[in-house]
Amino acid sequence: MLVSMLRKGLGNVIVFLDWISRPAKMKRTPEEQAKVDADAQQLSLYQFHACPFCVKTRRTLHRLNVSIALKDAKGNPEYRRELEQEGGKIQVPCLKIEDNGKTTWMYESKQIHQYLSERFGA
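In this text, all values refer to a predicted model and were calculated from it rather than measured experimentally.

(A) Structural context of a nonpolar patch on the surface. A cluster of nonpolar side chains, Leu10, Val13, Phe16, Leu17, Trp19 and Ile20, forms an exposed patch at the surface whose accessible area comes to about 650 Å². Among the structural elements, Leu10 can be located in helix α1 (residues 2-20).

(B) Fine view of the side chain of Thr60. If you trace the backbone, Thr60 turns up in helix α3 (residues 52-64). Once residues lying within four places of it in the same chain are set aside, the contact partners of Thr60 are His113, Leu116 and Ser117.

(C) A look at the packing of aromatic side chains. Tallied over the entire structure, the rule returns 3 aromatic pairs. Ring centres of Tyr46 and Tyr79 lie 6.4 Å apart, and the angle between their planes is 90°; this geometry places the pair in the edge-to-face category. Note that Tyr46 is positioned in strand β1 (residues 43-47) and Tyr79 in helix α4 (residues 77-87), a separation of 33 residues in sequence. For Tyr46, a relative accessible area of 0% corresponds to the buried category. Measuring from ring centre to ring centre gives 5.4 Å for Tyr46 and Trp105, while their planes differ by 45°; the resulting arrangement is tilted. One end of the pair, Tyr46, is in strand β1; the other, Trp105, is in strand β4 (residues 102-106), and 59 residues separate them in sequence. Note on Trp105: relative accessible area 17%, which makes it buried. Three or more aromatic residues joined by ring pairs form one cluster here, namely Tyr46, Tyr79 and Trp105. For Lys89, the ring lying beneath its charged end belongs to Tyr107, and the centroid distance is 4.7 Å.

(D) Here's a closer look at the nonpolar core. Within the largest apolar cluster, 14 residues are counted, with the highest numbers of intra-cluster contacts made by Leu43, Leu61, Val66, Ile68, Leu95, Leu116 and Phe120. Listing elements by their share of this core, those giving two or more residues are α2 (30-40), β1, α3, β3 (94-99) and α5 (109-120). At 3 residues, α5 tops the list of elements feeding residues into this core. In this structure Leu61 touches Leu45, Val66, Ile68, Leu70 and Leu116, once residues within four positions along its chain are discounted. The next biggest cluster of nonpolar side chains, apart from the first, holds 9 residues, and it includes Cys54, Val92, Trp105 and Tyr107.

(E) View of the pattern of salt bridges. Within the structure shown, the criterion is met by 3 salt bridges. One salt bridge connects Asp39 with Lys35, and the closest N-O pair in it is separated by 3.0 Å. A residue pair is termed a helical-turn pair when its members lie 3 or 4 positions apart in one helix, as Asp39 and Lys35 do in helix α2 at 4 residues. Overall, Asp39 belongs to the partly exposed group, its relative accessible area being 23%. The class for Lys35 is exposed, based on a relative accessible area of 53%. Here Glu86 makes a salt bridge to Lys96, at a shortest N to O gap of 3.6 Å.

(F) Up close: a positive patch on the surface. A cluster of like positive charges, contributed by Arg7, Lys8, Lys74 and Arg80, occupies part of the molecular surface. Mapping Lys74 onto the fold places it in the loop between β2 (69-72) and α4.

About the cut-offs
- Residues numbered from 1 in each chain as written.
- Predicted model: local features only at pLDDT ≥ 70, side-chain atom pairs only at ≥ 80, totals over all residues.
- Heavy atoms only, no water.
- Patch = residues over 30% accessible without salt bridge, like charges linked within 9 Å, V, L, I, M, F, W, Y side chains within 5 Å.
- Areas by Shrake-Rupley, 256 points an atom, 1.4 Å probe, with all protein chains shown as cover.
- Salt bridge = Lys/Arg side-chain N within 4 Å of Asp/Glu carboxyl O.
- Helix = DSSP H or I, 4+ residues; strand = E, 2+ residues; numbered from the N terminus.
- Contact = heavy atoms within 4.5 Å.
- Phe/Tyr/Trp six-rings, centres within 6.5 Å; stacked < 30°, edge-to-face > 60°.
- Buried < 20%, exposed > 50% of the residue type's maximum accessible area, 1.4 Å probe, protein only.
- Lys NZ or Arg CZ within 6 Å of the ring centre and 35° of its normal.
- Core = buried A, V, L, I, M, F, W, Y, C linked by side-chain atoms within 4.5 Å.
- Lys, Arg positive; Asp, Glu negative; His and termini not counted.
- Charge placed at Lys NZ, Arg CZ, Asp CG, Glu CD.

This is the structure:
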């Protein structure tokens, strides 16, 4: 019980620090942003709210000004089941990429960061 309380408290501290130190969003023309928004509809991020690696990934999304579906695999049993059955394991963050009828599940935060940076900006 003590470990659970410590984990939850630390998670809340991480989320708060992320909130107060969030990077500025990338600026784009309305046309460029509309294209990014359309491309981002093919992506979903399975995550736990207070997971440090998930926070890192959400910071990347914020900085790149990319809005994707966030799926809480800890609080929503349906998303957890999707992650396990379709992705193959319960590990977050996990970026689900749907492209031309093919689905790719990307699990490592560094790989996700690199993919998002190459696809959507700097």
